[in-house]
Amino acid sequence: MDTFPATLLALAITAPILVGLILLAGRDLPRSFASGFAFGGFAIPAVLGPWLLVLWSNPTTAPQQFQSEGFWGFGFALNGLGAPLLAMTSLVGLAAGIKALTQEVEGRNTYLGLILFMLGGTLGVFGTNHLVGFYFFHEFALIPTFILTLFWGGEGRRPAAMQMAIYLTAGAMASLAGILIAIDASGVDYGVATFESVAHGLQNAKSIPAATGALVLFGLGTLASLFPFHSWAAPGYSAAPTPVSMLHAGALKKFGLYGIILLGLSSLDITGGSLGTWFLWFAVANVLLVGLICLAQRDLKQLLSWSSVAHMGPIFLGIWVCGVSGKADGLDAAAFLMVAHGLSCAALFLLANAVRARAGTYRLDELGGLAARTPILAALFVAATMASIGLPGFGNFWGEVGVFLALRAQPLWLQALVASTV
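Each value, and the rule that gives it
- Residues numbered from 1 in each chain as written.
- Predicted model: local features only at pLDDT ≥ 70, side-chain atom pairs only at ≥ 80, totals over all residues.
- Heavy atoms only, no water.
- Helix = DSSP H or I, 4+ residues; strand = E, 2+ residues; numbered from the N terminus.
- Rg over C-alpha atoms; globule rule 2.2 N^0.38 Å.
- Buried < 20%, exposed > 50% of the residue type's maximum accessible area, 1.4 Å probe, protein only.
- Contact = heavy atoms within 4.5 Å.
- Areas by Shrake-Rupley, 256 points an atom, 1.4 Å probe, with all protein chains shown as cover.
- Lys, Arg positive; Asp, Glu negative; His and termini not counted.
- Charge placed at Lys NZ, Arg CZ, Asp CG, Glu CD.
- Salt bridge = Lys/Arg side-chain N within 4 Å of Asp/Glu carboxyl O.
- Core = buried A, V, L, I, M, F, W, Y, C linked by side-chain atoms within 4.5 Å.
- pLDDT = per-residue confidence, 0-100.
- Arc of directions from axis to C-beta.

Our next topic: the overall build of the protein chain. Scanning the protein chain for helices and strands turns up 19 helices and zero strands. For 422 residues, the compact-globule estimate of 2.2 N^0.38 gives 22 Å, and the C-alpha radius of gyration of the protein chain, at 21 Å, lies within 12% of that figure. A principal-axis box enclosing the C-alpha atoms of the protein chain has dimensions of 65 × 50 × 40 Å. Every one of the 422 residues in the protein chain was classed for burial, and the buried ones make up 57%. Sequence separation of at least 24 residues holds for 77% of the intrachain contacts in the protein chain that already meet a minimum separation of 6. Summed over all atoms, the accessible surface of the protein chain reaches about 16,800 Å², with 67% contributed by carbon and sulfur. Between the averaged position of the 17 positive side-chain charges in the protein chain and that of its 17 negative side-chain charges there is a distance of 11 Å.

With respect to the secondary-structure elements, Lys-99 resides in helix α3 (residues 82-102). Look at Lys-99: it is buried, it has no salt bridge, and the nearest opposite charge is Glu-104 at 11 Å. Once you skip the residues sitting within four places of it in the chain, Lys-99 turns out to touch Thr-242, Pro-243, Leu-350 and Asn-353.

Attention now goes to the environment of Ile-208. Inspection of the secondary structure puts Ile-208 in the loop between α7 (195-204) and α8 (211-223). A relative accessible area of 32% means that Ile-208 is categorised as partly exposed. Separated by 87 residues in the primary sequence, Ile-208 and Leu-295 have C-alpha atoms spaced 43 Å apart. Excluding residues that lie within four positions of it along the chain, Ile-208 makes contacts with Leu-202, Ser-267 and Leu-268.

Attention shifts here to the pattern of salt bridges. For the coordinates displayed, the defined rule picks out three salt bridges. Notably, a salt bridge pairs Glu-104 with Arg-31, separated by 2.7 Å at the nearest N-O pair. Of the two residues, Glu-104 sits in the loop between α3 and α4 (108-126) while Arg-31 sits in helix α2 (residues 31-57), which places them 73 residues apart along the sequence.

Let's shift gears to the side chain of Lys-253. Position of Lys-253 relative to the elements: it lies in the loop between α10 (242-252) and α11 (254-267). Buried Lys-253, no salt bridge; nearest opposite-charge side chain is Glu-400, N-O distance 13 Å. Those residues in contact with Lys-253 that sit more than four places away from it in its chain are Leu-223, Ala-224, Ser-225, Tyr-237, His-248, Ser-308, Val-309 and Met-312.

Mapped onto the fold, Ala-12 is located in helix α1 (residues 4-25). Residues Ala-12 and Leu-112 lie 100 residues apart in sequence; the distance between their C-alpha atoms is 17 Å. Sequence-distant contacts of Ala-12, that is, excluding residues within four places in its chain, are made with Pro-45, Leu-48, Leu-52 and Leu-123.

Another aspect to go through is the nonpolar core. One broad rule of soluble globular proteins: the nonpolar side chains tend to lie buried together. Of all hydrophobic cores here, the largest spans 133 residues; its most connected members are Phe-316 and Ile-319. Residue contacts for Phe-316: discarding those within four places in its chain leaves Ala-224, Ser-225, Leu-226, Leu-257, Ile-260, Phe-279 and Ala-283.

For the rest of this paragraph, the subject is the confidence of the model for the protein chain. Averaged over every residue, the pLDDT of the protein chain is 86; the share at 70 or more is 96%. Element-level mean pLDDT values for the protein chain span from 78 in helix α19 (residues 412-419) up to 94 in α3.

Residues of α7 that are buried: Phe-195, Val-198, Ala-199, Gly-201 and Leu-202. One side of α7 holds all its buried residues, which, seen down the axis, span an arc of 165 degrees. Turned more than 90 degrees off the buried face of α7, the exposed positions are His-200, Gln-203 and Asn-204. Tucked inside the fold, the buried residues of α7 contact α5 (131-152), α6 (157-186) and α11.

With that out of the way, let us pick up unusual backbone geometry. Note that the residue after Phe-227, namely Pro-228, is joined by a cis bond; omega there is 5 degrees. Relative to the helices and strands, Pro-228 resides in the loop between α8 and α9 (233-239). Although it is not a glycine, Ser-225 sits at a positive phi angle of roughly 65 degrees. Along the chain, Ser-225 turns up in the loop between α8 and α9.

Spelled out as structure tokens, the structure:
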């Protein structure tokens, strides 16, 4: 069997990790060599990620051709949701990498190496079909996030990093418990526990522990900023270096959503019964309450950080309505919005940093008149903002409208609540 796509997938994931390892080991490497080497680590996935998406979309290419053994027994594989998310992550990673290469920081090689680790781990999340590997790669990406925020972050970085560590560790432990219980209930051996085999095993299982769905939903939901476990996100994104904010908010945050879809939605009935009711209300709270928090912000980066949290609400609603209705339109819209949000959110964090570089502040009341001095930056920022709020013609619009249309069979009050935020 042709394994060419599988080889490309393995290279896209491992290249930034190997380059990052070399930079961490060679902290005294010459600047020019380290910069060129790091750029290669960011560029390889940016070329291969979209290429893999094109290959995946080709009807003549079998999904099995995107599967390989990988490392440590964790199989690399792509599916219909992972392929666009991996392509999106690779592009966000290149933009974050270019930004990191232009920054003057202490311990530059270590800084670049950790960002490459973060990128490689995030790519691994969307490029593996093994449940334990899926969790491993997330932790592999998350640990550099704490370190980068703590040592290279901006104002408030220490409390923000500690808050992130507490929330995300608690969420990771809850989700790990849910994943392990699900694997055990499925009867599948841990060494071959793929999303597909566990889902099949759970469908045939005589009984599944009642708390399994709740652990998966609230554990992974914490990692994806599901209300009320969301308060770590905005301070963390605001305090983190710009490349880290771009990667974390734009790509790594999709880990929780990805896991909820592939495990919770497909096999654990997280949208049914009382658990589904909680899921619905928390998703609505993400849209409404966090949206009100956005209105109170007077700091540009804080505003973008809270806005990123609020945008999780429509995605959660798309997942919920898919589980309730049994139709894929809500899930398709949620998946589309995940990719669109990742691109627009990363662009806004990058442009916000450019605003601060020119104005010297993120304070909104001190940015008046900036557009007259920087018209190109202003035009780019307006375009990215319009994309983020779902202006017709941009990707976020199609995702949000798709979620709203998927809710048309739901109660009118729910449609009105969601429509009020558009």
